[in-house]
Amino acid sequence: MLSDLFIVTAPSGAGKTTLIKKALEYASNNSKKFVLSISHTTRKPRDGEQNGEDYVFLTEDEFLNNIKKEEYLEYAIVHGNYYGTPKSEIDQNLSKGLKVILEIDWQGALQIMKHYPSAESIFISPPSVDELRKRLTDRGLDSDEVINRRIEGAQEEMSKSNHFKHQITNISLDIATKNLLNIMFRENHG
Ligand code: 5GP
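Residues numbered from 1 in each chain as written. Predicted model: local features only at pLDDT ≥ 70, side-chain atom pairs only at ≥ 80, totals over all residues. Heavy atoms only, no water.

**Q** For the overall build of the protein chain, give the residues involved together with the corresponding values.
**A** Counting its secondary structure elements, the protein chain contains seven helices and nine strands. Expressed as lengths along the three principal axes of its C-alpha atoms, the size of the protein chain is roughly 45 × 40 × 30 Å. Burial analysis of the protein chain (190 residues in total) assigns 45% to the buried set. In the protein chain, the share of contacts with a sequence separation of at least 24, taken over all contacts with a separation of at least 6, comes to 68%. A distance of 4 Å separates the average location of the 24 positive side-chain charges in the protein chain from that of its 28 negative side-chain charges. (Helix = DSSP H or I, 4+ residues; strand = E, 2+ residues; numbered from the N terminus. Buried < 20%, exposed > 50% of the residue type's maximum accessible area, 1.4 Å probe, protein only. Contact = heavy atoms within 4.5 Å. Lys, Arg positive; Asp, Glu negative; His and termini not counted. Charge placed at Lys NZ, Arg CZ, Asp CG, Glu CD.)

**Q** Lay out the pairing of strand S5 (residues 72-78) in plain terms, naming residues and giving numbers.
**A** Counting buried residues in S5 gives five out of seven residues, a clear majority hidden from the surface. The sheet contact formed by S5 and strand S6 (residues 81-86) spans six bridges and is antiparallel. What sits directly across from Ile 77, in S6, is Tyr 82. In this structure, the hairpin formed by S5 and S6 is closed by a connection of two residues, where His 79 is found at a positive phi of approximately 45°. (Pairing = 2+ DSSP bridges.)

**Q** Provide a residue-level description of the environment of Thr 177, including the pertinent values.
**A** In this structure, Thr 177 sits in helix H7 (residues 173-184). For the pair formed by Thr 177 and Ala 23, sequence separation is 154 residues and the distance between their alpha carbons is 6.3 Å. Contact partners of Thr 177, with chain neighbours within four places excluded, come to Leu 19, Lys 22 and Ala 23.

**Q** How would you sum up the site of the ligand? Please name residues and give values.
**A** With respect to spatial proximity, 17 residues lie near the ligand, and among them Ser 39, Arg 43, Tyr 55, Glu 74 and Tyr 83 are the closest. Within the contact set of the ligand, a nitrogen atom lies 2.7 Å away from a side-chain nitrogen or oxygen of Glu 74. One of the backbone N or O atoms of Glu 103 is found 3.4 Å from an oxygen atom in the ligand. In isolation the ligand has 510 Å² of accessible area, and contact with the protein removes 94% of it. Comparing atom positions with the cavity grids shows the ligand to sit within the largest pocket. Secondary structure elements with two or more residues in the shell around the ligand: S5 and S6. Residue composition of the shell around the ligand, grouped by class: six nonpolar, four polar and seven charged. (Near = heavy atom within 4 Å. Polar contact = N/O pair within 3.5 Å; in protein donor to acceptor, adjacent residues only side chain to side chain. Areas by Shrake-Rupley, 256 points an atom, 1.4 Å probe, with all protein chains shown as cover. 1 Å grid on protein atoms, 1.4 Å probe; cavity = no way out; pocket = protein on both sides within 12 Å on 5 of 7 lines; lining within 4 Å. Sits in = over half its atoms within 2 Å of the grid points. Nonpolar A, V, L, I, M, F, W, Y, C, P; charged D, E, K, R; others polar.)

**Q** Help me get a handle on unusual backbone geometry, residues and values and all.
**A** A positive phi is found at Glu 70, a non-glycine position, where the angle reads about 55°. Summarising the element assignment, Glu 70 is placed in the loop between helix H2 (60-68) and S5. Owing to a relative accessible area of 58%, Glu 70 belongs among the exposed residues under this scheme. The backbone phi angle of His 79 is positive, close to 45°, even though this residue is not glycine. Within the secondary structure, His 79 is located in the loop between S5 and S6.

**Q** So what's going on with the pattern of salt bridges? Which residues, and what values?
**A** Taken as a whole, this structure holds 13 salt bridges when the rule is applied. In this structure, Glu 49 engages Arg 43 in a salt bridge whose closest nitrogen and oxygen atoms are separated by 2.9 Å. Here Arg 43 falls in the buried class, since its relative accessible area comes to 8%. Via salt bridges that share partners, Arg 43, Arg 46, Glu 49, Arg 139, Asp 142 and Arg 150 belong to a single interconnected network. (Salt bridge = Lys/Arg side-chain N within 4 Å of Asp/Glu carboxyl O.)

Right, here's the structure in full:
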């Protein structure tokens with residue numbers, strides 16, 4: 001059975017956000033109904049990030065309280081912060097007949113795959129660790145310490161790619177976008 005749920009996982013710097021943005025632009029221009037789920041996090045907002053648009057930014061107490069109330073479909077600690085997918089939003093979107101994209105880490109992805117075995121899971125790899133370091137440095141969002149932590153995490157994360165139904169290596173943004181769109185728009189998905 002094909003699923004309305006798409007899990008997209010990648011080490012940070014693999015180009016996942018740009019790729020998803022391009023795919024969603026294409027989808028809305030072609031009136032295909034895909035939405036990106038907005039996660040909750042205890043990470044501090046980066047410059048330019050908007051509460052409720054990029055993430056819902058919470059304190060650790062608020063997040064822990066939501067865990068207690070079983071409000072998350074999955075949650076995980078990533079680079080020292082909590083991240084979670086709110087159940088209510090996913091259920092609402094799926095019941096409206098929308099297709100939902102979850103942009104989450106591998107730990108969350110494995111949890112979702114257990115609950116929704118028919119979900120399409122997509123792992124996006126950067127071309128190499130050197131290229132990943134270059135991308136993280138060039139985007140200038142994180143300190144060296146954070147970048148080193150992210151690269152260590154990325155190496156662990158890349159070892160999980162075989163749990164995913166689809167693997168895309170982001171060497172060229174255009175080709176990787178086409179590959180992602182092919183998965184999103186396979187027959188019965190569109
Ligand atoms: P960033 O802080 O760079 O936006 O995201 C860091 C990592 O957290 C990324 O790998 C991203 O996919 C992951 N992430 C974002 N939202 C969620 C979520 O709701 N659940 C899980 N498990 N990971 C998430």
